[in-house]
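One letter stands for each residue in the lines below.
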Amino acid sequence: MQIGHICSNNVVTCSSNTTVLEAAQLMRRNHVGTLIVIEEINGMMVPQGIVTDRDIVVVVLAEGLDPKSIKVIDIMKVELMTAVETEDVFETVERMRFKGVRRIPIVDKMGGLVGIVSVDDIWKFLSKEISELADVTTRQQTREKVARRR
């Protein structure tokens, strides 16, 4: 299965000069804990970094800094790992595990943002697959019972 099939296409983004306060307000308004920092390049939204609600709390608020004067570029993670939408889910999971990240932007072959995938998205996918596998056993038992009655 390709990672692009399970990613969320509803990605909340901001620019690198968005203030931390504006970022927090975007998160609240959109009920998300992550923003993808993008730059528009040739009409494409290209991911440049990622900022989380945890970054805001740990880096800004816990240090007593002013969220109105700090930009997301100052706190975002710039060592951004992305996955191309055609990449295999399990390959993506392996890279996420190796890098220790819980969410990554999904891009097209040109590098344009198409979605985001989180560990929760992967859990949902895997649980559905496990449920489908459990149905195989149930169906097999039902077919066997019917066959024995003949």
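Since the model is a prediction, treat every value here as computed from it, not as a measurement.

(A) Highlighting the nonpolar core. Counting residues in each nonpolar core, the largest one holds 15 residues, and the members touching the most others are Leu-35, Val-51 and Ile-75. Of all the elements in the fold, those that place two or more residues in this core are helix 1 (20-30), strand 2 (34-41) and helix 2 (53-61). The leading source of residues in this core is helix 1, at four residues. Residues contacting Val-51, with those up to four places away along its chain left out, are Met-27, Gly-33, Thr-34, Leu-35, Val-37, Val-72, Ile-75 and Met-76.

(B) A look at the sheet that holds strand 3 (residues 44-52). The strand order across the open sheet formed by three strands is 1-2-3, and the pairing between neighbours is mixed. The open sheet terminates on both sides in strands that have one partner only, identified here as strand 1 (13-14) and strand 3. Of the pairings in the sheet, the one linking strand 1 to strand 2 comprises two bridges and is parallel in character. Across the sheet, Cys-14 pairs through a bridge with Val-37, a residue of strand 2. With respect to the sheet, helix 1 is in contact with strand 1, strand 2 and strand 3, its orientation differing from that of strand 2 by roughly 115°.

(C) The arrangement of the environment of Ser-8 in detail. Relative to the assigned elements, Ser-8 resides in the segment before strand 1. Judged by its relative accessible area of 27%, Ser-8 falls in the partly exposed class. Sequence-distant contacts of Ser-8, defined by excluding residues within four places in its chain, comprise Val-114, Gly-115, Ile-116 and Asp-121. Polar contacts involving the side chain of Ser-8 include one to the main-chain amide nitrogen of Asn-10, which spans 3.3 Å.

(D) Up close: the pairing of strand 2. In the classification by handedness, the crossover that spans strand 1, the intervening helix 1 and the parallel strand 2 is right-handed. Relative to strand 3, strand 2 runs antiparallel, the two sharing eight bridges. From the neighbouring strand, Leu-35 faces strand 3, where its bridge partner is Val-51.

Cut-offs applied
- Residues numbered from 1 in each chain as written.
- Predicted model: local features only at pLDDT ≥ 70, side-chain atom pairs only at ≥ 80, totals over all residues.
- Heavy atoms only, no water.
- Core = buried A, V, L, I, M, F, W, Y, C linked by side-chain atoms within 4.5 Å.
- Buried < 20%, exposed > 50% of the residue type's maximum accessible area, 1.4 Å probe, protein only.
- Helix = DSSP H or I, 4+ residues; strand = E, 2+ residues; numbered from the N terminus.
- Contact = heavy atoms within 4.5 Å.
- Pairing = 2+ DSSP bridges.
- Axes fitted to C-alpha atoms, helices over the stretch in contact; angles between N-to-C directions.
- Polar contact = N/O pair within 3.5 Å; in protein donor to acceptor, adjacent residues only side chain to side chain.
- Right-handed = clockwise from strand over helix to strand, strands pointing away.

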